[in-house]
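Summary of structural features
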Amino acid sequence: HSIKFGALLSHLQMFSNSGMGQNRGTVTFGSLATFLQGQTAAYTGRNIVVADREFHINLMGFYAQDDIRLVPRFTLNLGLRYEPMTVPQEVNNRWYTLRNVKTDSAFTQGQPYQNPSLKNFSPRVGFAWDVLGDGKTAVRGGFGLMYDLGNVLFALLSGKDSQPPLILAYSVNSPGTLSLPFNFSGVSALKTPTTIDYNMRQTHMLSYNLTVERQLPGNMSVSAAYVGSRGLNLLVGIDANPLIPNILPGGQLSWAPIPGTYTPARANTNWANVTLDQASADSWYNSLQVVLTKHLSKGLELNGAYTWQ
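Residues numbered from 1 in each chain as written. Predicted model: local features only at pLDDT ≥ 70, side-chain atom pairs only at ≥ 80, totals over all residues. Heavy atoms only, no water.

1. Points about the environment of R230
So the rule is basically this: Secondary structure elements are taken from DSSP: a helix is a run of H or I of four residues or more, a strand is a run of E of two residues or more, and numbering for both begins at the N terminus. Pairs of N or O atoms are called polar contacts if they sit within 3.5 Å, as long as, within protein, a hydrogen donor faces a hydrogen acceptor (for residues adjacent in sequence, only side-chain-to-side-chain pairs).
Structurally, the position occupied by R230 is in strand β16 (residues 220-239). Spatially, the C-alpha atom of R230 lies 42 Å from that of S171, the residues being 59 residues apart in sequence. Separated by 3.2 Å, the side chains of R230 and D282 make a polar contact.

Written out as structure tokens, the structure reads:
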């Protein structure tokens, strides 16, 4: 037995300011001539009630692994990792989320999502087999379940710039002379927020491989491996408040208005399109990897690799 174990404890502090860069607003001109004259066609901008935020997060990792040499020709690797994190907290409780996109009419103050990481147990298993017992042919394999804790931080930062009541977005389509700062008096705030899924699931990946290695004459070796992975609950932004389609005869869907019969409407009439960052995407990766190596001899080492995926 060769046993390893350890722990990782991290405290992160993220400082963010929503009042910088292009997020302040954009101006559209109808033509080069109107641009030169300062006559705008439309402009968008934001009323930033609170710009500065400070998030605190604690990350933890605990692992143990045992490499067991069952017989001289076969070694088994067994491991387990537990990797939770705390829900990010804004030190002044300046955080709001739309907890139920289908029904809520306002953002709720408090933690941005329920913690999905408390069950982050990651098993690992692998093996190495000397097939003929002469040290020239080996078969190796492994499997691991791994969690991604950092992706949710991107969702937090992307959502904070369109989050009522701290930040309100506006759009004005009335042509006029450009003036700064933008004037949004008498204009209603846009109902197009960005929020994070309150019932966020934990992003994780299944990783697996199987390799055959063979020593060749001339101080060379070759290996052929299948390497694959399966990503689950990957982060993606979706429109969580779509228009309800009109069902035409024959089951065909249409979003075109029909006077007196059908007017396009959102599922939640309190909002227009709502960008929701949620963990609902997935991925596949499969590959054949072949490596030919001439080990160091007489001052020369060569390596060639080919991957088909």
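2. Observations regarding the pattern of salt bridges
Spelled out, the test is: The term salt bridge refers to a pairing of a side-chain nitrogen on Lys or Arg with a carboxyl oxygen on Asp or Glu at a separation within 4 Å. Three labels apply to residues, based on accessible area from a 1.4 Å probe with only protein chains included: buried if under 20% of the type maximum, exposed if over 50%, partly exposed otherwise in between.
The final tally for this structure, using the stated rule, is four salt bridges. Note that E83 and R81 form a salt bridge whose closest N and O atoms lie 3.4 Å from each other. R81 shares its class with E83; the two are buried. The salt bridge partner of R230 is D282, with a shortest N-O separation of 3.2 Å. In this pair, R230 sits in strand β16 while D282 sits in strand β19 (residues 275-297), placing the two residues 52 residues apart along the sequence.

3. A few points about the packing of aromatic side chains
To keep it simple, the criterion reads: Think of it this way: a Phe, Tyr or Trp ring, Trp meaning its six-membered ring, pairs with another when their centres are within 6.5 Å, and the plane angle makes it stacked under 30 degrees, edge-to-face over 60, tilted otherwise. Throughout this description, the term charge over a ring refers to an Arg CZ or Lys NZ atom that lies within 6 Å of the ring centre and within 35 degrees of the ring normal.
Applying the stated criterion to the full structure yields six aromatic pairs. Between F29 and F35, the ring centres sit 5.1 Å apart and the planes meet at 85 degrees, which makes this aromatic pair edge-to-face. For F29, a relative accessible area of 25% corresponds to the partly exposed category. Aromatic pair Y82 and F121: ring centres 4.4 Å apart, planes at 25 degrees, arrangement stacked. Here F121 lies in strand β10 (residues 121-130) and Y82 lies in strand β6 (residues 74-82), a separation of 39 residues in the sequence. With a relative accessible area of 24%, Y82 lands in the partly exposed category. Its end group placed over the ring of W271, K191 keeps NZ or CZ at 5.4 Å from the ring centre.

4. Side note on the pairing of strand β5 (residues 52-71)
In plain terms, the rule: Only when DSSP finds a minimum of two bridges between them are two strands counted as paired.
Bridge analysis of strand β1 (residues 2-17) against β5 gives 16 bridges, and the strand direction is antiparallel. Across the sheet, residue N17 finds its bridge partner in β5, namely D52. The sheet contact formed by β5 and strand β7 (residues 89-90) spans two bridges and is antiparallel. Looking at β7, one finds that F55 is bridged to E90. Bridging between β5 and β6 involves nine bridges; their strand directions are antiparallel. Bridge assignment links V71 to a residue of β6, and that residue is F74.

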